[in-house]
Amino acid sequence: MSRMADLQLEILELFDEGLKPISIAGVLNIPLSMVYDVLESEFDSEPYDDSMDGDFDSAMQSAGLGTDEDYGYYGESADDY
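Residues numbered from 1 in each chain as written. Predicted model: local features only at pLDDT ≥ 70, side-chain atom pairs only at ≥ 80, totals over all residues. Heavy atoms only, no water.

Trainee: How should the overall build of the protein be read in this particular structure?
Mentor: Across its full length, the protein holds four helices and zero strands. Taken from N to C terminus, the helices and strands of the protein fall in the order α-α-α-α. Expressed as a percentage of the 81 residues in the protein, the buried residues total 19%. Nonlocal contacts in the protein, meaning residues at least 24 apart in sequence, comprise 29% of its contacts between residues at least 6 apart. For the protein, the accessible area works out to roughly 6600 Å², and carbon and sulfur atoms hold 52% of it. (Helix = DSSP H or I, 4+ residues; strand = E, 2+ residues; numbered from the N terminus. Buried < 20%, exposed > 50% of the residue type's maximum accessible area, 1.4 Å probe, protein only. Contact = heavy atoms within 4.5 Å. Areas by Shrake-Rupley, 256 points an atom, 1.4 Å probe, with all protein chains shown as cover.)

Structure follows, in structure tokens:
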């Protein structure tokens, strides 16, 4: 396992044993912010929302290219046939 993965496990184990984040940082000789980052990522209550991933239209709009409607296209009509 990598050093970071081992460190993450150590932080979680010490937290489960009842140590406070500041004590964990002292025991492991790491910045307190690193302890908080691990704990926040572990106990994040909101899962990642990937509902828009892969959506071509929203990606183009986010890139500043607008939508079809911005360029006057509103879908096919009976006149298009």
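Trainee: I keep staring at the pattern of salt bridges and nothing clicks. Help me out?
Mentor: Oppositely charged side chains can pair when the atoms bearing their charge come close. The full count for this structure, using the stated rule, is one salt bridge. For Arg 3, the salt bridge goes to Glu 10, with nearest N and O atoms at 3.5 Å. Looking at Arg 3, the relative accessible area reads 53%, which means it is exposed. We classify Glu 10 as partly exposed; its relative accessible area is 29%. (Salt bridge = Lys/Arg side-chain N within 4 Å of Asp/Glu carboxyl O.)

Trainee: Would you mind showing me how to read the nonpolar core here?
Mentor: In a soluble, globular protein the nonpolar side chains are often hidden away together inside. Leu 7, Ile 11, Leu 12, Leu 14, Ile 24, Ala 25, Leu 28, Ile 30, Val 35, Val 38 and Leu 39 together form the largest nonpolar core, which totals eleven residues. Of all the elements in the fold, those that place two or more residues in this core are helix H1 (3-16), helix H2 (21-28) and helix H3 (32-42). Once you skip the residues sitting within four places of it in the chain, Leu 39 turns out to touch Ile 11, Leu 12, Phe 15 and Pro 21. (Core = buried A, V, L, I, M, F, W, Y, C linked by side-chain atoms within 4.5 Å.)

Trainee: Even after reading the chapter, I still don't get the packing of H2 against H3, so can you show me in this structure?
Mentor: It is at 8 Å that the axes of H2 and H3 come closest, and there the two elements cross at 120°. Accordingly, the angle class assigned to the pair H2 and H3 is oblique. Where H2 crosses over H3, the handedness of that crossing is right-handed. Across from Pro 21, Ile 22, Ile 24 and Ala 25 in H2, the residues of H3 making contact are Leu 32, Val 35, Tyr 36 and Leu 39. (Axes fitted to C-alpha atoms, helices over the stretch in contact; angles between N-to-C directions. Parallel < 35°, antiparallel > 145°, perpendicular 65-115°, else oblique. Left-handed = near helix turned anticlockwise from the far one by under 90°.)

Trainee: So what exactly am I meant to see when it comes to unusual backbone geometry here?
Mentor: Residues other than glycine predominantly adopt negative phi, and peptide bonds predominantly adopt the trans conformation. Phi is positive for Asn 29, close to 55°, though the residue is something other than glycine. Assignment of secondary structure puts Asn 29 in the loop between H2 and H3. For Asn 29, a relative accessible area of 70% gives the class exposed.

Trainee: Explain a negative patch on the surface to me, please; I cannot follow it from the model alone.
Mentor: A cluster of like negative charges, contributed by Glu 13, Asp 16, Glu 17 and Glu 42, occupies part of the molecular surface. Mapped onto the fold, Glu 42 is located in helix H3. (Patch = residues over 30% accessible without salt bridge, like charges linked within 9 Å, V, L, I, M, F, W, Y side chains within 5 Å. Lys, Arg positive; Asp, Glu negative; His and termini not counted. Charge placed at Lys NZ, Arg CZ, Asp CG, Glu CD.)

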